[in-house]
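Examining the three-dimensional arrangement
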Amino acid sequence: MCSAEAAAAVRCTDLVRRYGERRALDGVSLELARGERLLVTGGNGAGKTTLLRVLSTVRRPHAGEVEIDGHPLPGQADRVRGSIGYLGHEPLAYPALTVTENLDLYAALYGCGRGEVDAALGLVGLEGRHGDAAGDLSRGLRQRLGLARALLHRPALLLLDEPTTGLDEEGRRRLAELVAGHDGAAVIATHEPDWFAGLAGCELRLAAGRAA
């Protein structure tokens, strides 16, 4: 568990999330201070993705308490969504739209301008692909686009689910730089904890929905 502070970036107490009768999360507790990075590890089905979906407000907890920057979920989810950057298993890119058009959509939601869009594309190395349709990009380049989307509005909380998926050496180098340079809190679910050595200060290992 990472260190805590009065208004932690993330605080979970006895978090439970079910799918039918199965508890995907079963009494998970954690605290993460602003600026800290947490690795969430464990095998398939351990609950990593479910935890990130709850923290991103995509899924509601069934029991326990969850707070983002002091705001309880799900009751005050609308107050924190704008401060969260989330990359799930899929980059969530619209294939018929260009790289820039994809980010323009999210920029409008977050109140960002073209400067932020161009900066995000530069961070992930897609400044030369701005006019390409997202559907024409390789899996790795779509992953970079997803990273750009997650970082576009400089979120206070960054949630990354298997962010190395599809990335080549250059993409991984950029990912490492982005994680290291992010000054907010970050929760990263991964099957590659050794790769993130030095990038995250603490680790939560899950097994069958519980802290192992």
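Anything mentioned here points back to the structure above.
Model, not experiment: these values are computed from the prediction.

What counts, and at which threshold
- Residue numbers restart at each chain and count upward from 1, following the sequence in its written direction.
- Since the coordinates come from a predicted model, pLDDT governs what is reported: local features require at least 70, and pairs of side-chain atoms require 80 or more to be given and counted, while whole-chain, interface and lining totals use all residues.
- Derived side-chain values reflect all non-hydrogen atoms in the structure, with water molecules and hydrogen atoms excluded from consideration.
- Paired strands, in this sense, are two strands between which DSSP finds at least two bridges.
- Helix and strand assignments follow DSSP, with helices taken as H or I runs no shorter than four residues and strands as E runs no shorter than two, numbered in order from the N terminus.
- By definition in these notes, contact holds between two residues if any of their heavy atoms fall within 4.5 Å.
- Under this scheme, a helix contributes an axis fitted over its contacting stretch, all axes are lines through C-alpha atoms, and angles between N-to-C directions fall in the 0 to 180 degree range.
- Whether a residue is buried, partly exposed or exposed follows from its accessible area with a 1.4 Å probe, protein chains only, as a fraction of its type maximum: under 20%, in between, or over 50%, in that order.
- With the strands pointing away from the viewer, any crossover whose connection runs clockwise from the first strand over the helix to the second is right-handed.
- Only four residue types enter the tally: Lys and Arg on the positive side, Asp and Glu on the negative side, with His and both chain ends excluded.
- A pairing counts as a salt bridge when a side-chain nitrogen of Lys or Arg comes within 4 Å of a carboxyl oxygen of Asp or Glu.

A few words now on the sheet that holds strand E5 (residues 71-72). Note on sheets: strands pair through backbone hydrogen bonds, and any given pair is parallel or antiparallel. Here 4 strands make up an open sheet; going across it, the order is E2-E1-E4-E5 and the pairing antiparallel. Looking at the sheet topology across the chains shown, the edges are occupied by strand E2 (22-32) and E5. Across 5 bridges, strand E1 (residues 10-19) lies against strand E4 (residues 63-68) in antiparallel orientation. Paired with Arg11 across the bridge in E4 is Glu67. Where helix H1 (residues 48-55) meets the sheet, it contacts E1, E2 and E4, and its direction lies at approximately 115° from that of E1.

The subject of this paragraph is the pairing of strand E7 (residues 157-161). The element E7 is extensively covered by neighbouring structure, given that 5 of its 5 residues are classed as buried. Sheet analysis places E7 next to strand E8 (residues 185-189), joined by 5 bridges and oriented parallel. Residue pairing in the sheet places Leu157 in a bridge with Ala185 of E8. Read from E7 through helix H5 (residues 169-181) to E8, the crossover connection turns out right-handed.

So, about the side chain of Glu162. Within the element layout of this structure, Glu162 appears in the loop between E7 and H5. Buried and unpaired, Glu162 has no salt bridge, with Lys48 as the nearest side chain of opposite charge at 4.7 Å. For Glu162, the residues in contact, after removing those within four places along its chain, are Lys48, His89, Gln143, Ala189, Thr190 and His191.

Such coordinate-based values are descriptive only and should not be taken to indicate function.
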